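Given next are the chains, with one letter for each unit.
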Amino acid sequence: MNVILVGLGGAIGAALRFLLSNDAGYPVLIIFAINVAGAFALGVASALTSGHVRRFLGTGMLGGFTTYSALAVDTVELLQDNVAWGLSYAVGSVVLGVGAAWLGLKVGPLAASRRSPAGQGSPAKRPAVASQPAEGRRPAEGRHSSREGES
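We now examine the side chain of Asp74. With respect to the element layout, Asp74 can be found in helix H4 (residues 68–81). Apart from the residues within four sequence positions on either side, Asp74 is in contact with Val28, Ile31 and Tyr89.

A contiguous nonpolar surface patch, about 390 Å² in accessible area, is contributed by Ile12, Leu16, Phe18 and Leu19. With respect to the element layout, Leu19 can be found in helix H1 (residues 2–21). In this structure Leu19 comes out as exposed when scored by relative accessible area, which is 64%.

Another point: the packing of aromatic side chains. In this structure the tally under the stated criterion is one aromatic pair. Here Phe32 and Tyr89 contribute two aromatic rings whose centre-to-centre distance is 5.6 Å and whose plane-to-plane angle is 45 degrees, an arrangement assigned as tilted. Residue Phe32 is found in helix H2 (residues 27–48), and its partner Tyr89 is found in helix H5 (residues 83–115); the two are separated by 57 residues along the sequence. Judged by relative accessible area, Tyr89 falls into the buried class, the value being 6%.

A word on the nonpolar core. One broad trend across soluble globular proteins is that nonpolar side chains are buried collectively. In this structure, Ile31 and Tyr89 are the most contacted members of the largest nonpolar core, which totals 14 residues. Of all elements in the fold, only H2, helix H3 (51–65), H4 and H5 reach the threshold of two or more residues within this core. With seven residues, the top contributor of residues to this core is H2. Apart from the residues within four sequence positions on either side, Tyr89 is in contact with Val28, Ile31, Phe32, Leu71, Asp74, Thr75 and Leu78.

The next thing to look at is the side chain of Asn35. Structurally, Asn35 can be placed in helix H2. The class of Asn35 is buried, set by a relative accessible area of 12%. The residues contacting Asn35, other than those within four sequence positions of it, are Thr66, Thr67 and Leu71.

What follows is about the packing of H4 against H5. One can describe the packing of H4 onto H5 by two numbers: an axis separation of 6 Å at closest approach and a directional angle of 155 degrees. Of the possible angle classes, the one that applies to H4 and H5 is roughly antiparallel. Contact residues: H4 offers Leu71, Asp74, Thr75, Leu78, Leu79 and Asp81, while H5 offers Val83, Trp85, Gly86, Leu87, Tyr89, Ala90 and Ser93. Considering only residue class, the contact of H4 with H5 consists of eight nonpolar, three polar and two charged.

About the criteria used
Residues numbered from 1 in each chain as written. Predicted model: local features only at pLDDT ≥ 70, side-chain atom pairs only at ≥ 80, totals over all residues. Heavy atoms only, no water. Helix = DSSP H or I, 4+ residues; strand = E, 2+ residues; numbered from the N terminus. Contact = heavy atoms within 4.5 Å. Patch = residues over 30% accessible without salt bridge, like charges linked within 9 Å, V, L, I, M, F, W, Y side chains within 5 Å. Areas by Shrake-Rupley, 256 points an atom, 1.4 Å probe, with all protein chains shown as cover. Salt bridge = Lys/Arg side-chain N within 4 Å of Asp/Glu carboxyl O. Buried < 20%, exposed > 50% of the residue type's maximum accessible area, 1.4 Å probe, protein only. Phe/Tyr/Trp six-rings, centres within 6.5 Å; stacked < 30°, edge-to-face > 60°. Core = buried A, V, L, I, M, F, W, Y, C linked by side-chain atoms within 4.5 Å. Axes fitted to C-alpha atoms, helices over the stretch in contact; angles between N-to-C directions. Parallel < 35°, antiparallel > 145°, perpendicular 65-115°, else oblique. Nonpolar A, V, L, I, M, F, W, Y, C, P; charged D, E, K, R; others polar.

Right, here's the structure in full:
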């Protein structure tokens, strides 16, 4: 079931990325915007969802929508044409992507708490990640990740 959810989500995300960037005059800017917006959306999805929904939205749809491989190739091509543009693109993508993901993780729970009475009923009400792993857990388990439980 997880593979189907991830595959369907990935197909939708990849198709959206293609539709947005295919006929663009300068697709590298569209991919840049897609990666930053996708980082924000993944932050929101990670804060608000879990289980099958997170696998479909996070790993699948947003994984297919955003793309590290395009970032890497675009960076190399830009570096070959203009070092300043290439470096700006690479650093900007990482800095803005991390910032957008952080903002998404903060905004998602706030939006959910405003929709429900007294902040109850958030779709993915989870305890905050502990600074030390619980007994029997690996340190990475329980963190916000789009790859949670994927198989």
